[in-house]
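As a plain string of letters, each chain reads:
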Amino acid sequence: MASDDESGGGFDPTNRQNQSERRRIRQDYIHITNTLQDNQQDYVNPSDDGLTQKLQQVQHLFRNVKMTREAVHDAHALSLISQIGRQKAQNLHTELTVFKPVEFAQNVVNFVTGSEAGESNTINAAGWKTLGEGSQTFFKRSPAFRCLYGTFERGEVQRKVKAAKAPKDNSVGPKTSVKQVHIDSNYMHKT
């Protein structure tokens, strides 16, 4: 936690405390840590506000911390609070609206037929017209017509004839050929 310069709290190694005050601070931190570990499932619940209260208790205790041993307990308590807070955030469900296809289909049928659920579900011509008018606002214009696999008219198929490829000459320069090597017998005796 950040030190509080105005109230004189926070970690300060130059300021000494007596042993009984330090022991009380450590016991309070140990009590908070044990409570956090024991009631972790309760604190993970999104509707529970106990984690915020524990954070405020740790912040209040930190104002009296002056030595490193107590600062270690503070860091451990904050670590537990942050782990529980992360679990709480992971358990928070933000999917406020989920697409339910069955409910959507029933709502479309009710809109088209003009009836409630449980009544006749047959769609007449007026119902289809109502559906078209209702969905027309979502389309600016009709999509362009594209023939993915060609036109519908059957015509003469023109086949492309591929020209035969000539073999490539991968040579860089003039070719060298191996000649017969003659060994002079006088040359062998000289060495």
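Parameters and conventions
- Residues numbered from 1 in each chain as written.
- Predicted model: local features only at pLDDT ≥ 70, side-chain atom pairs only at ≥ 80, totals over all residues.
- Heavy atoms only, no water.
- Axes fitted to C-alpha atoms, helices over the stretch in contact; angles between N-to-C directions.
- Helix = DSSP H or I, 4+ residues; strand = E, 2+ residues; numbered from the N terminus.
- Parallel < 35°, antiparallel > 145°, perpendicular 65-115°, else oblique.
- Left-handed = near helix turned anticlockwise from the far one by under 90°.
- Contact = heavy atoms within 4.5 Å.
- Nonpolar A, V, L, I, M, F, W, Y, C, P; charged D, E, K, R; others polar.
- Expected span 1.5 Å × (residues − 1).
- Buried < 20%, exposed > 50% of the residue type's maximum accessible area, 1.4 Å probe, protein only.
- Lys, Arg positive; Asp, Glu negative; His and termini not counted.
- Salt bridge = Lys/Arg side-chain N within 4 Å of Asp/Glu carboxyl O.
- Core = buried A, V, L, I, M, F, W, Y, C linked by side-chain atoms within 4.5 Å.
- pLDDT = per-residue confidence, 0-100.

What follows covers the packing of helix α3 (residues 50-62) against helix α4 (residues 68-91). Their axes nearest at 11 Å, the elements α3 and α4 cross at an angle of 160°. Here α3 is positioned roughly antiparallel relative to α4, judged by the angle of their axes. Relative to α4, α3 is oriented so that their crossing is left-handed. Together, Leu 51, Lys 54, Leu 55, Val 58 and Phe 62 of α3 and Asp 74, Ala 77, Leu 78, Ile 81, Ile 84, Gly 85 and Lys 88 of α4 make up the contact between the two elements. Class assignment of the residues belonging to the contact of α3 with α4 gives a composition of eight nonpolar, one polar and three charged.

This part is about helix α5 (residues 101-113). For α5, with 13 residues, the first-to-last C-alpha span of 18 Å sits near the 18 Å given by 1.5 Å per residue. Phi turns positive one or two residues past the end of α5, at Gly 114, with a value near 75°.

On to the side chain of Lys 54. By the secondary structure assignment, Lys 54 is in helix α3. Although Lys 54 is buried, it forms no salt bridge, and the closest oppositely charged side chain is Asp 38 at an N-O distance of 9.9 Å. Once you skip the residues sitting within four places of it in the chain, Lys 54 turns out to touch Ile 32, Thr 35, Leu 36, Tyr 43 and Ile 81.

Our focus in this paragraph is the nonpolar core. Tyr 29, Leu 36, Leu 51, Val 58 and Ile 84 are the most contacted members of the largest nonpolar core, which has 15 residues in total. Leaving out residues up to four positions away in the same chain, Ile 84 has contacts with Leu 36, Gln 40, Tyr 43, Val 44 and Leu 51.

It is worth spelling out the confidence of the model for the protein chain at this point. Any region with low pLDDT has predicted coordinates that should not be read closely. When pLDDT is averaged across the protein chain, the result is 77; 73% of the residues are at 70 or more. When mean pLDDT is compared element by element in the protein chain, helix α1 (residues 19-38) scores highest at 92, while helix α7 (residues 185-190) scores lowest at 61. Here residues 1-8 scores under 50 on pLDDT; set against residues more than four positions off or in separate chains, the count is 10 contacts.

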